[in-house]
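Coordinate analysis (summary)
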Amino acid sequence: MDWAGTLTHAHAGAPSLPGCGPVVLYTSGGGDARTLGTGLAEDLASHGTVVVLVDHPGEASQVETADGTVRETVLYGPPDPETFRTMTETRVADLRLVLDRLGGLLPYGPRRTGTGAGTGIYGHSAGGTAAALLAARDPRIRAVADTA
């Protein structure tokens, strides 16, 4: 699959609009790239939502880390229960890191839960499991959906 050739309205470095809406994270199914969630992400963004799509190193087909290293998937086929548990716990840690990095950068970011704003999360399959776990454990998450 040529993910780089996928046409979207999204682009890296897009500026956020003043007074932008709520923040929503997306986490894909096990072994899937974040690009599988592009359609719904674009729809949410067209209504003023800031959508952050997350690739999980070792699961997505390829992920370039901050130091420029490209990691390819290590997940092939359905995972056994222990691997699935490890995978979802790793995703929760990844998503917490994303929340920490977002911090107060966005007008309705994760640290503004006291004002009634907050962050939502949705995920597909293993991503839905990770989304539910994160929502149960992190008060910055105010809404959760599983698209599976």
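Residues numbered from 1 in each chain as written. Predicted model: local features only at pLDDT ≥ 70, side-chain atom pairs only at ≥ 80, totals over all residues. Heavy atoms only, no water.

**Some points on the packing of helix 2 (residues 81–102) against helix 3 (residues 126–137)**
For clarity, the cut-off: To obtain each axis, a line is fitted to C-alpha atoms, and for helices this fit is confined to the stretch in contact; angles are then taken between N-to-C directions over 0 to 180 degrees. Strands are runs of DSSP state E lasting at least two residues, helices are runs of H or I lasting at least four, and both sets are numbered from the N terminus onward. Oblique is the label for any angle not covered by the other classes, which are roughly parallel (under 35 degrees), roughly antiparallel (over 145) and roughly perpendicular (65 to 115). Crossing handedness: left-handed means the near helix sits turned counterclockwise from the far one by under a right angle, and right-handed means the same turn made clockwise. We call two residues in contact when some of their heavy atoms are within 4.5 Å. Residue polarity follows a fixed list, in which Ala, Val, Leu, Ile, Met, Phe, Trp, Tyr, Cys and Pro are nonpolar, Asp, Glu, Lys and Arg are charged, and the others, Gly among them, are polar.
Running from N to C, helix 2 and helix 3 cross one another at 60°; their axes reach a closest spacing of 9 Å. By the criterion of interaxial angle, the relationship of helix 2 to helix 3 is oblique. Once helix 2 is placed against helix 3, the crossing between them reads as right-handed. In this structure, helix 2 uses Phe-84, Met-87, Thr-88, Glu-89, Arg-91, Val-92, Leu-95, Arg-96 and Leu-99 to contact helix 3, whose residues at the interface are Ala-126, Gly-127, Thr-129, Ala-130, Leu-133, Leu-134 and Arg-137. Broken down by class, the residue content of the contact of helix 2 with helix 3 amounts to nine nonpolar, three polar and four charged.

**With respect to the pairing of strand 6 (residues 141–146)**
Note the threshold: At least two DSSP bridges between two strands are needed for those strands to be called paired. Seen with its strands pointing away from the viewer, a crossover is right-handed if its path from the first strand over the helix to the second goes clockwise.
In terms of strand pairing, strand 5 (residues 119–123) meets strand 6 through five bridges, oriented parallel. Bridging across to strand 6, Gly-120 finds its partner in Ala-143. Read from strand 5 through helix 3 to strand 6, the crossover connection turns out right-handed.

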